[in-house]
Amino acid sequence: MIAKVQYGRDMKSNSKEKLRKIHPPVKSIRDLLSFKVARLSALNQRLGGALIKEVFDLSLNDWRILGLVASNKKLAFKKLQSILYMDKGQLSRSVKFLVKRGYIFTELKKDDARAVDLIITSRGKKLNNEILHFSTNRNELAVSCLTKQECEAFLATLKKVTDHSEKILDKM
């Protein structure tokens with residue numbers, strides 16, 4: 001119940017739990033952290049999505065899947081779904097696309113024939129390295145308005161808030 005109150009689902013509750021006031025005053029939706037993060041994400045997707053599609057003929061979701069599979073020896077489909085918070089159907093379509101293109105392959109799990117592991121191919125590794133280099137340059141451009149210390153602090157803060165949000169979601 002506290003997680004729901006803290007995350008705003010049950011604000012009419014008579015809970016005696018009080019939230020600490022940390023966030024600056026909110027006068028409009030533009031002041032909300034969730035709006036600011038969503039807007040930054042939308043900008044990033046718009047800028048990166050068009051370029052990734054044009055240069056590599058992949059959607060951002062395809063690239064994210066490829067990149068995560070490439071960074072693991074084997075990645076379970078369920079684990080990938082939980083990392084990306086992606087709809088199972090949408091994830092399945094992207095995985096099938098990447099398999100068809102020869103970037104990854106699937107393997108039934110030995111302990112559960114209903115579950116699937118995703119494994120990168122050599123062709124997928126090569127493409128991943130190219131996109132990773134491309135995206136690293138895009139990242140540098142995106143943070144060029146920050147100092148190195150500001151960038152490190154921003155990324156650490158983003159990780160902290162993301163981890164905290166995952167804990168709240170796990171309690172719901």
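Scroll up to find the structure.
The present account deals with the structure reproduced in this document.

## So, the pattern of salt bridges
- According to the stated counting rule, one finds 6 salt bridges in the structure shown.
- A salt bridge links Glu130 to Lys126, with the shortest nitrogen-to-oxygen separation between them at 3.2 Å. You can see Glu130 and its partner Lys126 sitting in helix H6 (residues 122-142), 4 residues apart, about one turn around the helix.
- Of the charged contacts in the structure, one is a salt bridge between Asp163 and Lys159, with a shortest N-O distance of 2.6 Å. Highlighted residues: Asp163 and Lys159, both in helix H7 (residues 148-171), separated by 4 residues, approximately one helical turn.
- Classification of Lys159 by relative accessible area gives exposed; the value is 52%.
- Because the salt bridges share partners, they merge into one network encompassing Lys53, Asp57 and Arg101.

## As for the nonpolar core
- Membership of the largest hydrophobic core comes to 21 residues, with the highest contact counts inside it found for Leu58, Ile65, Leu66, Ile104 and Ile131.
- Broken down by element, this core gets its largest block of residues, 5 residues, from helix H3 (residues 60-70).
- Setting aside anything within four residues of it in sequence, one finds Leu58 in contact with Ile52, Lys53, Trp63, Leu66, Phe97, Leu98, Arg101, Tyr103, Leu127 and Ile131.

## Remarks on the layout of surface pockets
- The volume enclosed by the second largest pocket comes to roughly 270 Å³.
- Along the wall of the second largest pocket there are 13 residues; nearest its centre are Phe77, Lys88, Arg114, Ala115 and Val116.
- Of all the secondary-structure elements, those providing two or more residues to the lining of the second largest pocket are helix H4 (77-84), helix H5 (88-100) and strand E3 (116-120).
- For the lining of the second largest pocket, the leading source of residues is H5, giving 4 residues.
- Here the lining of the second largest pocket is composed, by residue class, of 6 nonpolar, 2 polar and 5 charged.

## What about H6?
- Over its 21 residues, H6 extends 30 Å from the first C-alpha to the last, a length consistent with the 30 Å expected when each residue adds 1.5 Å.
- Regarding H6, the residues found buried are Gly124, Leu127, Asn128, Ile131, Ser135 and Arg138. Around the axis of H6, the buried residues are gathered within 100° of arc, so they sit on the same side. Residues Ser122, Lys126, His133 and Glu140 are exposed on H6 and point more than 90 degrees away from its buried face.
- Those residues of H6 that are buried are in contact with helix H2 (33-56), H3 and E3.

The rules behind these values
Residues numbered from 1 in each chain as written. Predicted model: local features only at pLDDT ≥ 70, side-chain atom pairs only at ≥ 80, totals over all residues. Heavy atoms only, no water. Salt bridge = Lys/Arg side-chain N within 4 Å of Asp/Glu carboxyl O. Helix = DSSP H or I, 4+ residues; strand = E, 2+ residues; numbered from the N terminus. Buried < 20%, exposed > 50% of the residue type's maximum accessible area, 1.4 Å probe, protein only. Core = buried A, V, L, I, M, F, W, Y, C linked by side-chain atoms within 4.5 Å. Contact = heavy atoms within 4.5 Å. 1 Å grid on protein atoms, 1.4 Å probe; cavity = no way out; pocket = protein on both sides within 12 Å on 5 of 7 lines; lining within 4 Å. Points joined across faces, edges and corners; volume = space filled by probe spheres on them. Nonpolar A, V, L, I, M, F, W, Y, C, P; charged D, E, K, R; others polar. Expected span 1.5 Å × (residues − 1). Arc of directions from axis to C-beta.

By themselves, these figures tell us nothing about what the structure is for.
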